[in-house]
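If you want the building blocks of each chain, they are given just below.
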Amino acid sequence: MSHAPLRSGLVVLMIAAALGGCTRVNNHPDASTSYNTVVPPEPSPRPGLVVTDEPAPNVIYRAGSHDTVLANGTGNEASFSPINTQHIETLVTQKARDLSHDLEQLKHNTDNSVDQLQVLQAKNDKAAADYYSAVAAVSTELEGGTTPGNPILVDRWNIAQEKLNALAQDSGLLSDLATDLANQASRASYLLDETQNAFSISGAVPEDHKKLTVVQDGVERTIALINRLLGKTNDEINRRATYLQSERSNLQTLALGIANGELYGKSLSNTLFRKTLSGDHGLYKGGSPQASGGGDNMGGVPGMRKPLVIIRFDRANVNYEQALYTAVHQALDKYPAARFDLVAVSNLEGNAAELALASAEARKNGEMVLRSLQDMGLPLERIRLSAASSKSVLNSEVHLYLQ
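Predicted, not measured: the structure shown is a model, and the values here were computed from it.

Q: Would you mind going over the overall build of the protein with me for this structure?
A: From N to C terminus, the protein includes 6 helices and 6 strands. Starting at the N terminus and ending at the C terminus, the protein contains elements arranged as α-β-β-α-α-α-β-α-β-α-β-β. Relative to its 403 residues, the protein shows a buried fraction of 32%. Across the protein, the fraction of contacts at a sequence separation of at least 24, relative to all contacts at a separation of at least 6, is 77%.

The structure is reproduced here in structure tokens:
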């Protein structure tokens, strides 16, 4: 048997097998019109990982679905990429937006309050400087000596009074600012509660809670700022109130000095603010200023206690204010809570008509000294006015005692 035909057949089969990977021959059943058809190869499986420098495909979120699809895909390929929640609207999203708007409005009001407090402080400082300038001019003239009731000093005193009234008006604006800040603090507390409650609302996405956290931090910082401003405003109000009360008394004493052409100094009422730590009950511990009688008992007879001041009205226009002011001021420096007995003393000798006239004259002089003490700033509740008579008194006298 010859091997030549066998070798030829093997070669044909090898060629056909090589060509079979790229073409496939279909024989038409019709033998007369047989032809060959080239069929493309089957597609290879899609790779699990593709490394390329081409841009990533666009991702579209389909409303009502939890799937993301490729923009150039058929829509049937499911993707497990993270969902973009920044554009999802929920009830909490709207709530966070409203709270953020309220917070911005609160910050705007707080910034305005800061500016208003600074303006009021600067305005008050200028008014106080103008007031001190007017008072200093009057005090300088009185210290150098001037005529009683000098009209120039009266005009300057009126200017000082106007400056002090301006300070009082600005203090009213500070009170209004404190009220406004208190309302802002209440509003901020409400916003903080609303923000904290919004965290418990169902149906929120993580982005909503991030927005609520930003709002909550902003509200807490604003509350701290409001509380600090409110404390500064209240401190300023308290300082102004004490200052105005003191300076009104000083102006009253200054008016008395202008009327008499003498400089007395600060009002006696300002000494009353210097209280001891133990209170009024411990002021006289270890020795009472009362020589006899004890308690509030005056003793009946002026000579039983040593008076601080004796004013003798033995002539017209007795100039007693300076000595009276000095004595009372020294007493209050030593005993800040001291009280005083003002005794109008008349002569005990003469008939009934003369005794009545002498008693009436002494009472009139006592009331005049009482008004002087009031003008010097000593409160009336610290003074007890009474009358007495003595054989040793030739003319009307007024005695001042420590109770």
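Q: So what exactly am I meant to see when it comes to the pairing of strand S5 (residues 383–390) here?
A: Across 8 bridges, the pairing between strand S4 (residues 340–347) and S5 is parallel. Residue pairing in the sheet places Val343 in a bridge with Ser386 of S5. For the crossover from S4 across helix H6 (residues 352–375) to S5, the handedness is right-handed.

Q: Explain the sheet that holds S4 here, please?
A: The strands making up a sheet associate through backbone hydrogen bonding, with each pair oriented either parallel or antiparallel. Pairing is mixed in the open sheet, where 4 strands are placed in the order S3-S6-S4-S5. This sheet does not close on itself; its edge strands, each paired only once, are strand S3 (309–312) and S5. Each adjacent strand pair in this sheet contributes to an overall mean axis angle of 20 degrees, direction not counted. Looking at chain direction, S3 and strand S6 (residues 397–402) are connected through 4 bridges and run antiparallel. Counted as the bridge partner of Arg312 is Glu397 from S6. Helix-sheet contacts for H6 involve S3, S4, S5 and S6, and the interaxial angle to S4 is about 150 degrees.

Q: Explain the confidence of the model for the protein to me, please; I cannot follow it from the model alone.
A: In the predicted model, the protein carries a mean pLDDT of 75, and 68% of its residues have values of at least 70. The low-confidence segment residues 21–35, where pLDDT is below 50, has 16 contacts with residues more than four positions distant or belonging to other chains. The low-confidence segment residues 59–71, where pLDDT is below 50, has 22 contacts with residues more than four positions distant or belonging to other chains.

Q: Even after reading the chapter, I still don't get H6, so can you show me in this structure?
A: Because an α-helix completes one turn every 3.6 residues, residues spaced three or four positions apart along the sequence face the same direction. Between its first and last C-alpha atoms H6 spans 35 Å; for 24 residues at 1.5 Å apiece the expected length is 34 Å, and the two agree. Within H6 the residues assigned to the buried category are Ala362, Asn365, Gly366, Val369, Leu370, Ser372 and Leu373. If you follow the buried residues of H6, they end up packed against helix H4 (206–260), S3, helix H5 (321–334), S4, S5 and S6.

Q: I tried to follow the nonpolar core on my own but got confused; where do I start?
A: One recurring pattern in soluble globular proteins: nonpolar side chains tend to sit buried together. Core analysis: the largest hydrophobic core is formed by 26 residues, its most contacted members being Leu324, Phe340 and Leu373. The set of elements that each furnish at least two residues to this core consists of S3, H5, S4, H6 and S6. The element that contributes the greatest number of residues to this core is H5, accounting for 6 residues. In contact with Leu373, not counting residues within four places along its chain, are Leu324, Val328, Leu342, Leu378, Ile383 and Leu400.

Q: Sorry if this is basic, but what is going on with helix H2 (residues 91–144) here?
A: Between its first and last C-alpha, H2 extends 80 Å over 54 residues, near the 80 Å set by a 1.5 Å rise per residue. Gly145 occupies a position one or two residues after H2 and carries a positive phi of about 100 degrees.

Q: Sorry, what's going on with the pattern of salt bridges here?
A: In a structure, side chains of opposite charge can pair up when their charged atoms sit close to one another. Taken as a whole and judged by the stated rule, the model has 13 salt bridges. Residue Lys163 pairs with Asp130 through a salt bridge whose shortest N-O separation is 3.8 Å. Placement of Lys163 in helix H3 (residues 151–198) and of Asp130 in helix H2 is noted, with a sequence separation of 33 residues between them. In this structure Asp130 comes out as partly exposed when scored by relative accessible area, which is 26%. A salt bridge links Asp314 to Arg315; the nearest nitrogen and oxygen atoms lie 3.2 Å apart. Arg315 gets classed as exposed once you look at its relative accessible area, which sits at 55%. When salt bridges that share partners are traced, they join Asp125, Glu236, Arg239 and Arg240 into one network.

Cut-offs applied
- Residues numbered from 1 in each chain as written.
- Predicted model: local features only at pLDDT ≥ 70, side-chain atom pairs only at ≥ 80, totals over all residues.
- Heavy atoms only, no water.
- Helix = DSSP H or I, 4+ residues; strand = E, 2+ residues; numbered from the N terminus.
- Buried < 20%, exposed > 50% of the residue type's maximum accessible area, 1.4 Å probe, protein only.
- Contact = heavy atoms within 4.5 Å.
- Pairing = 2+ DSSP bridges.
- Right-handed = clockwise from strand over helix to strand, strands pointing away.
- Axes fitted to C-alpha atoms, helices over the stretch in contact; angles between N-to-C directions.
- pLDDT = per-residue confidence, 0-100.
- Expected span 1.5 Å × (residues − 1).
- Core = buried A, V, L, I, M, F, W, Y, C linked by side-chain atoms within 4.5 Å.
- Salt bridge = Lys/Arg side-chain N within 4 Å of Asp/Glu carboxyl O.

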